[in-house]
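Close look at the chain arrangement
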Amino acid sequence: MTDAKVIPFDEDSRTRRGGRGRSRQGARGAAGKGADTGTDAGAGSGAGSGTGDAGDGGTEPLTGVPEVAEIPAQAAAGGRGAQGPRESAGAGPDAAADDEGGESAVPAEPPLPSLGGVLTGLADKMLGGPWERKVASGLEFLRRRVTGDYEVDEFGYDEELTEQVLMPLFRPLFEKYFRVEVRGVENIPAEGGALVVCNHSGTLPWDGVMAQIAVRDHHPAGRHLRLLAADLVFALPGFNELARKGGHTLACTEDAQLLLERGEVVGVMPEGFKGLGKPFSERYKLQRFGRGGFVATALKTRKPIVPCSIVGAEEIYPMLGNSRTMARLLGMPYFPLTPTFPWLGPLGTVPLPTKWTIQFGTPIPTDGYPLEAADDPMLVFNLTDQVRETIQHTLYELLVQRRSVFF
């Protein structure tokens, strides 16, 4: 340690220097390491607080204006006394920088993100994950579609296309537009066949698509709903192939029985076009359930029947009238006249954003009946009426609970 210049001082000068240290080197040591062997016990606190107290030395505090010669010593000993909180929080690194370079260390500003990093982050958010994996998965999907390296069952169902294209296409309608609330979906068995019977409405069959997404996305086992569709669906150009790839099949006893025996969840809407094209004045009033063919199929396969009630679809296209002339010309069962269609052209086909509720009821077992029960018309009629009344009663309950059509 170098010899310091000895400056004579009296008691008053000792009092003034009691809060600052004996020399520049001693003051820096007190500010950086919190102790100085050459100063009084109160030197560190006096320098940190900047009040000039003598600390534990027992002397009187400094009064008056300091001499000009003492100002550099005060700056050196105080360690930027006006910035006491900063020094107390990080005195060690600051003091080390003072000892080595004579200047305090200033933390470097974080570098600005590159354009590539920003674009990668945006791509990850838009695609829901690392964009490289998404792009690679999409290219692999296109390769399989072009080369024909995918599987389709005997009914034309393409599970890969349904999972990766069709359902993601309609899922925003389910979640954001109709805001479908699903109840009781766990009543559908986790495995094995089951027949889901739904009411049908809405002018266009959006309710079937929403029921499929409800079962797939909300069932604990993530099951698929295979819907039975009318002949007209498979006669429309472009809809035939798309409907079959999405899991629809012809509404006939043979197809339904085969699917149930394979352990599939089969959906049927017995009202058919009578329910789909009924006027707005008869909304939520179930039409006739046909001859009960779906009940006979469930009895033959001994699979449970799950009633399903859908509220919200009746108001998406308020059907005020039916142009029978146009229906005959186009070969359609009905030609709807709504507040927006056909007056607004294609814009009139946009459904109203109603709030939906889909409720799956308690299963009705059929395995307790004898095998010949399917040939008993009275039993089939009674079970059909039981399913219909269950759905109708649930619809009335949901309508009473509903506060608003749109909210």
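Below is a summary of the structure that appears in this document. Predicted, not measured: the structure shown is a model, and the values here were computed from it.

**Things to note about the pattern of salt bridges**
Where side chains of opposite charge bring their charged atoms close, a pairing between them can arise. With the rule as written, the count across this model stands at 19 salt bridges. Residue Glu160 pairs with Arg144 through a salt bridge whose shortest N-O separation is 2.4 Å. With Glu160 in helix 8 (residues 159–177) and Arg144 in helix 7 (residues 131–147), this pair connects stretches of sequence that are 16 residues apart. Across the pair Asp158 and Arg145 runs a salt bridge, and its minimum N-O distance is 2.5 Å. Placement of Asp158 in the loop between helix 7 and helix 8 and of Arg145 in helix 7 is noted, with a sequence separation of 13 residues between them. Residue Asp158 is classed as buried on the basis of its relative accessible area of 0%.

**A short note on the sheet that holds strand 4 (residues 249–250)**
Strand order in the open sheet made by the 7 strands is 1-9-6-2-5-3-4, with mixed pairing throughout. This sheet does not close on itself; its edge strands, each paired only once, are strand 1 (181–183) and strand 4. Helix-sheet contacts for helix 16 (residues 377–401) involve strand 1, strand 2 (194–198), strand 6 (305–311) and strand 9 (357–360), and the interaxial angle to strand 6 is about 35°.

**What to know about the pairing of strand 3 (residues 225–229)**
Extensive coverage of strand 3 is indicated by the burial of 5 of its 5 residues. Neither face of strand 3 is open: one carries Leu225, Leu227 and Ala229, the other Arg226 and Leu228, and all of them are buried. Summarising the sheet, strand 3 and strand 5 (residues 265–268) pair through 3 bridges and their orientation is parallel. Paired with Arg226 across the bridge in strand 5 is Val266. Strand direction decides the pairing type here: strand 3 and strand 4, joined by 2 bridges, are parallel. Bridged to Leu228 within strand 4 is Thr249.

**Re the environment of Thr147**
In this fold, Thr147 is placed in helix 7. A residue is classified by how much of its surface remains accessible, and Thr147, at 51% relative accessible area, is exposed.

**Re the packing of helix 12 (residues 253–261) against helix 14 (residues 293–301)**
Here helix 12 crosses helix 14 at 35°, and the two axes come no closer than 10 Å. Crossing geometry of helix 12 relative to helix 14 is assigned as right-handed. Every residue of helix 14 that contacts helix 12 at Thr253, Ala256, Gln257, Leu260 and Glu261 is listed here: Thr297, Lys300 and Thr301.

**A word on a nonpolar patch on the surface**
Together, Met326, Leu329, Leu330 and Met332 make up an exposed nonpolar region whose accessible area comes to about 380 Å². Summarising the element assignment, Leu329 is placed in helix 15 (residues 324–330). Its relative accessible area of 66% is what places Leu329 among the exposed residues.

**Here we look at the packing of helix 8 against helix 9 (residues 206–218)**
For the pair helix 8 and helix 9, the least separation of the axes is 10 Å and the interaxial angle reads 105°. Looking at the two axes, helix 8 sits roughly perpendicular to helix 9. Only Trp206, Val209, Met210, Gln212, Ile213, Ala214, Arg216, Asp217 and His218 of helix 9 make contact with helix 8, whose side of the interface consists of Glu163, Met167, Phe170, Arg171, Leu173 and Phe174. Of the residues in the contact of helix 8 with helix 9, the class split is 9 nonpolar, 2 polar and 4 charged.

**Comments concerning the pairing of strand 2**
For strand 2, the tally of buried residues reaches 5 of 5 residues, placing the bulk of the element in the interior. Across the two faces of strand 2 the burial is the same, with Ala194, Val196 and Cys198 and Leu195 and Val197 all buried. Taken together, the 4 bridges between strand 2 and strand 5 define a ladder with parallel strand orientation. Bridge pairing links Ala194 to Val265 in strand 5. Taken together, the 4 bridges between strand 2 and strand 6 define a ladder with parallel strand orientation. Across the sheet, residue Val197 finds its bridge partner in strand 6, namely Pro307.

**Points about the nonpolar core**
Core analysis: the largest hydrophobic core is formed by 29 residues, its most contacted members being Leu195, Val197, Phe294, Leu299 and Val387. At the level of elements, strand 2, helix 12, strand 5, helix 14, strand 6 and helix 16 are the ones that each hand at least two residues to this core. The biggest single contributor to this core is helix 16, with 7 residues. The contact partners of Leu299, leaving out residues within four places of it in the chain, are Thr366, Tyr369, Ala373, Ala374, Leu379, Val380 and Leu383. Formed by 28 residues, the second largest nonpolar core is a distinct cluster that contains Val180, Ile188, Trp206 and Val306.

**A short note on the side chain of Glu160**
A polar atom in the side chain of Glu160 sits 3.3 Å from the side chain of Arg145. Excluding anything up to four places from it in sequence, Glu160 contacts Phe141, Arg144, Arg145, Tyr150 and Val165.

Cut-off values and rules
- Residues numbered from 1 in each chain as written.
- Predicted model: local features only at pLDDT ≥ 70, side-chain atom pairs only at ≥ 80, totals over all residues.
- Heavy atoms only, no water.
- Salt bridge = Lys/Arg side-chain N within 4 Å of Asp/Glu carboxyl O.
- Helix = DSSP H or I, 4+ residues; strand = E, 2+ residues; numbered from the N terminus.
- Buried < 20%, exposed > 50% of the residue type's maximum accessible area, 1.4 Å probe, protein only.
- Pairing = 2+ DSSP bridges.
- Contact = heavy atoms within 4.5 Å.
- Axes fitted to C-alpha atoms, helices over the stretch in contact; angles between N-to-C directions.
- Left-handed = near helix turned anticlockwise from the far one by under 90°.
- Patch = residues over 30% accessible without salt bridge, like charges linked within 9 Å, V, L, I, M, F, W, Y side chains within 5 Å.
- Areas by Shrake-Rupley, 256 points an atom, 1.4 Å probe, with all protein chains shown as cover.
- Parallel < 35°, antiparallel > 145°, perpendicular 65-115°, else oblique.
- Nonpolar A, V, L, I, M, F, W, Y, C, P; charged D, E, K, R; others polar.
- Core = buried A, V, L, I, M, F, W, Y, C linked by side-chain atoms within 4.5 Å.
- Polar contact = N/O pair within 3.5 Å; in protein donor to acceptor, adjacent residues only side chain to side chain.

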